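Per-entry structural report
One letter stands for each residue in the lines below.
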Amino acid sequence: MIVAEAVRLHVAMINECRGVPGVLEERWREAHTVRHCALSLVGEPIMYPRINELIGELHARKISSFLVTNAQFPEAIRTLRPVTQLYVSVDAPNKDDLEEVDRPLFRDAWERLRESLVILREKKQRTVARLTLVKGHNEGDIAGYAELIALGEPTLVEVKGVTFCGKSDASDLTMANCPWHHEVEAFCKELAARIAKDHPSCPTYEVACAHKHSVSVLLARCDQLKAPDGTWDTWIDYDRFHALAASGEPFTVEDYKAPCPPWALLGAAEDGFDPSDTRMYKKKANGKSR
């Protein structure tokens, strides 16, 4: 019922976009077929007692599942069925910073985070440690982040600069807390080096991909996603994933990986933008483009 209604409402919303400037007819038609579902942003998805049934319904419709958890319910992570990609939010590198940044509900939030990362290591499908850097708040203790990554050994480490969404009484963040893309890139390179130095038994990570517009950089495990010729297989073969999920047999990260296009790699001239697309620039009130 939830999945069917979500698809119905999605299609209704897409229908309203026809004719909107910048909306391509071909993309508008493609958007009527739901292929991906992000279980994130609003609340904690793994608290839903029938989350495994919901994921099963998504996969039965050949809809991929990207689930984000705040790492406060480790046992729910343990019992979660395979998803296309499982994210764990790692919001701070130590206990004090976690309490400042997240203001968690649980007194043992730090211990829950660490236990969740240990359980993450047991997962055989794609896992991601998601870091959101807030300048002046949680970016200083790189050794702490390295230790947490070594606990979970995720397939990927996704690092993003925080986005300023306007002044709020609930937050003291300003544009000064938003790191630049080059700062996030430098952080990732230092993090990869620190993991290798402090945790030699941990899998090797390298910076693989970047998307400048979203101030995002991706670290990837070399043993799982780096090809012998030095290229990266950070993308997903969705048809293969659905076949594997439907089979009921065990499968791993390597079974549904796909090559990453050159334009998405770190250092590409396209800065992560697909060159087959045309970027739309919105004009400001003064007539100048951003």
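The following paragraphs examine the structure supplied in this document. No experiment lies behind these values; they were computed from the predicted model shown. (Residues numbered from 1 in each chain as written. Predicted model: local features only at pLDDT ≥ 70, side-chain atom pairs only at ≥ 80, totals over all residues. Heavy atoms only, no water.)

Take the packing of aromatic side chains next. Each aromatic ring pair is summarised here by two numbers: the centre-to-centre distance and the angle between the ring planes. Applying the stated criterion to the full structure yields seven aromatic pairs. Aromatic pair Phe-66 and Tyr-238: ring centres 6.5 Å apart, planes at 55 degrees, arrangement tilted. Here Tyr-238 lies in helix 10 (residues 238-247) and Phe-66 lies in strand 2 (residues 64-69), a separation of 172 residues in the sequence. Summarising the aromatic geometry, the rings of Phe-241 and Tyr-256 are spaced 5.2 Å apart at their centres and angled 55 degrees between planes, so their arrangement reads as tilted. Of this pair, Phe-241 sits in helix 10 while Tyr-256 sits in the loop between helix 10 and strand 9 (257-258), and the two are 15 residues apart along the sequence. (Phe/Tyr/Trp six-rings, centres within 6.5 Å; stacked < 30°, edge-to-face > 60°. Helix = DSSP H or I, 4+ residues; strand = E, 2+ residues; numbered from the N terminus.)

Before going further, it helps to examine the pairing of strand 6 (residues 205-211). Most of strand 6 sits out of view: five of its seven residues are buried. Where strand 6 lies against strand 7 (residues 216-221), six bridges are found, and the strand directions are antiparallel. Following the sheet pairing, His-211 is matched in strand 7 by Ser-216. Hairpin connection from strand 6 to strand 7: four residues lie between these consecutive antiparallel strands, with Val-215 at a positive phi of about 55 degrees. (Buried < 20%, exposed > 50% of the residue type's maximum accessible area, 1.4 Å probe, protein only. Pairing = 2+ DSSP bridges.)

Attention shifts here to the pattern of salt bridges. For the structure on display, the rule yields 18 salt bridges. Measuring nitrogen to oxygen at the nearest pair gives 3.0 Å for the salt bridge that ties Arg-50 to Glu-53. Note on Glu-53: relative accessible area 48%, which makes it partly exposed. By sharing partners, the salt bridges in this structure join Arg-18, Glu-25 and Arg-29 into a single network. (Salt bridge = Lys/Arg side-chain N within 4 Å of Asp/Glu carboxyl O.)

Look at Lys-62: it is not a glycine, yet its phi comes out positive at around 60 degrees. The residue Lys-62 is located in the loop between helix 3 (51-60) and strand 2 in this model. Despite not being glycine, Ala-71 has its phi angle at roughly 65 degrees, a positive value. Summarising the element assignment, Ala-71 is placed in the loop between strand 2 and helix 4 (74-78).

This part is about a negative patch on the surface. On the surface, Asp-96, Glu-99, Glu-100, Glu-111 and Asp-172 cluster together to form a negatively charged patch. Of all the elements, helix 5 (residues 95-102) adds the most residues to the negative patch, at three residues. Tracing the chain through its elements places Asp-172 in the loop between strand 5 (156-161) and helix 8 (181-198). Look at Asp-172 and you get exposed, because its relative accessible area is 59%. (Patch = residues over 30% accessible without salt bridge, like charges linked within 9 Å, V, L, I, M, F, W, Y side chains within 5 Å. Areas by Shrake-Rupley, 256 points an atom, 1.4 Å probe, with all protein chains shown as cover. Lys, Arg positive; Asp, Glu negative; His and termini not counted. Charge placed at Lys NZ, Arg CZ, Asp CG, Glu CD.)

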